[in-house]
Amino acid sequence: PNGVRTPPMAESQLGLGEHILFLGRIDFWQKGLDLLCAAYERSHPDLPLLVAGSGTPRDEQKLAALVTASGGAIRWVGHVTGQRKRELLQRSAFVVLSSRHETFGLVALEAMSFGKPVVHFDLPALRWMEGDVRIAPFDVVALGLEMHHLAGDEAARRELGRTAYQAAQRYGIDQTADRYFALVQQLLDETDPGQ
């Protein structure tokens, strides 16, 4: 797995947030941005949807058109890194990972490290998460309903966020590096020097 630095978390911050966040590459097919925008438009959550990332000119044009059509409910903030990225994660109520396929989902781990629940399609590669909400793959209606529900339920976000934050502790940079080192050492010990 990937590793992440987990910032200190005040219990009073769990469950809070002022927007729903999508963070990642602007890629309509793989990242499922068409599904996410359709679910958001259908469900009308009480929180704005912020989309952070960059992509090909074609995908960025598609996103810009959806942002305009949303009348301000969907906002595209462009590519973010560093402090701006941390602020977006910290101020989010939850993160949505609407991908059609994923390998690990580093964005999910980053969200969890800030005590944020992750709403995602139930893909095999994403089943390692805790404090998450799994939706039947590519079910736009169910995704929209869950976004609407979670946007209005601070208590649910608090409980999910607490679980997510605790789970993220197991994926710290040092712990992950130690596991990789142990695996390499094990494989080297099992290697026959005569080969």
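Residues numbered from 1 in each chain as written. Predicted model: local features only at pLDDT ≥ 70, side-chain atom pairs only at ≥ 80, totals over all residues. Heavy atoms only, no water.

## So, the environment of Thr-191
The criterion, for reference: In this description a helix means any DSSP run of H or I spanning at least four residues, a strand means any run of E spanning at least two, and both kinds are numbered starting from the N terminus.
Within the secondary structure, Thr-191 sits in the segment after α7 (173–190). Sequence-wise, Thr-191 and Ala-10 are 181 residues apart; in three dimensions their C-alpha atoms are separated by 47 Å.

## A look at the pattern of salt bridges
To keep things clear, this is the line we draw: Just to be clear on terms, a salt bridge is a Lys or Arg side-chain nitrogen sitting within 4 Å of an Asp or Glu carboxyl oxygen. Classification of residues uses two cut-offs on accessible area relative to the type maximum, computed with a 1.4 Å probe and protein chains only: under 20% is buried, over 50% is exposed, and between them is partly exposed.
What the rule picks out here adds up to 11 salt bridges. With a closest N to O distance of 2.9 Å, Asp-132 and Arg-134 form a salt bridge. Taking relative accessible area as the criterion, Asp-132 reaches 15% and is therefore assigned buried. Look at Arg-134 and you get partly exposed, because its relative accessible area is 37%.

## Examining the sheet that holds strand β5 (residues 118–121)
Heads up, the rule is: Any two strands are treated as partners once DSSP identifies two or more bridges connecting them. Where helices are involved, their axes are fitted lines through C-alpha atoms of the stretch in contact, as for all axes, and angles between N-to-C directions lie from 0 to 180°. Should any heavy atoms of two residues lie within 4.5 Å, those residues are considered in contact.
With respect to topology, six strands assemble into an open sheet ordered β3-β2-β1-β4-β5-β6, the strand pairing being parallel. Each end of this open sheet is capped by a strand with a single partner; those strands are β3 (74–78) and β6 (132–135). Adjacent strand axes in the sheet meet at a mean angle of 25° when their direction is disregarded. Of the strand pairs in this sheet, strand β4 (residues 92–97) and β5 are connected by three bridges, and their pairing is parallel. Following the sheet pairing, Val-96 is matched in β5 by Val-119. Packed on one face of the sheet, helix α2 (residues 57–69) meets β2 (49–52) and β3 and runs near 140° to β3.

## With respect to the packing of aromatic side chains
Applied cut-off: Aromatic rings from Phe, Tyr and Trp, taking only the six-membered ring of Trp, are treated as a pair when their centres fall within 6.5 Å; an angle between ring planes under 30 degrees marks them as stacked, one over 60 as edge-to-face, and anything in between as tilted.
Tallied over the full model, the rule gives two aromatic pairs. Seen from their ring centres, Phe-104 and Trp-128 are 4.5 Å apart, and the 5° between their planes marks the pair as stacked. Pair noted here: Phe-104 is in the loop between β4 and α4 (106–113) and Trp-128 is in the loop between β5 and β6, with a separation of 24 residues, a long-range link. Note on accessibility: Phe-104 and Trp-128 belong to one class, buried.

## Thoughts on the side chain of His-19
Among the structural elements, His-19 can be located in strand β1 (residues 19–23). Here His-19 falls in the buried class, since its relative accessible area comes to 4%. Ignoring anything within four residues of it in the chain, the contact list for His-19 reads Leu-47, Pro-48, Leu-50, Leu-88, Arg-91, Ser-92, Ala-93 and Phe-94.

## Comments concerning helix α6 (residues 154–168)
This is how the line gets drawn: One fewer than the residue count of a helix, multiplied by 1.5 Å, yields its expected span.
For α6, built from 15 residues, the straight-helix expectation of 21 Å at 1.5 Å per residue is met to within 8% by its first-to-last C-alpha distance of 20 Å. On the buried face of α6, the contacting elements are β4, α4 and α5 (140–151).

## A closer look at unusual backbone geometry
Residue His-44 is not a glycine yet carries a positive backbone phi of 50°. In this structure His-44 comes out as exposed when scored by relative accessible area, which is 53%. One non-glycine residue, Phe-138, lies in positive phi territory at about 65°. Secondary-structure assignment places Phe-138 in the loop between β6 and α5.

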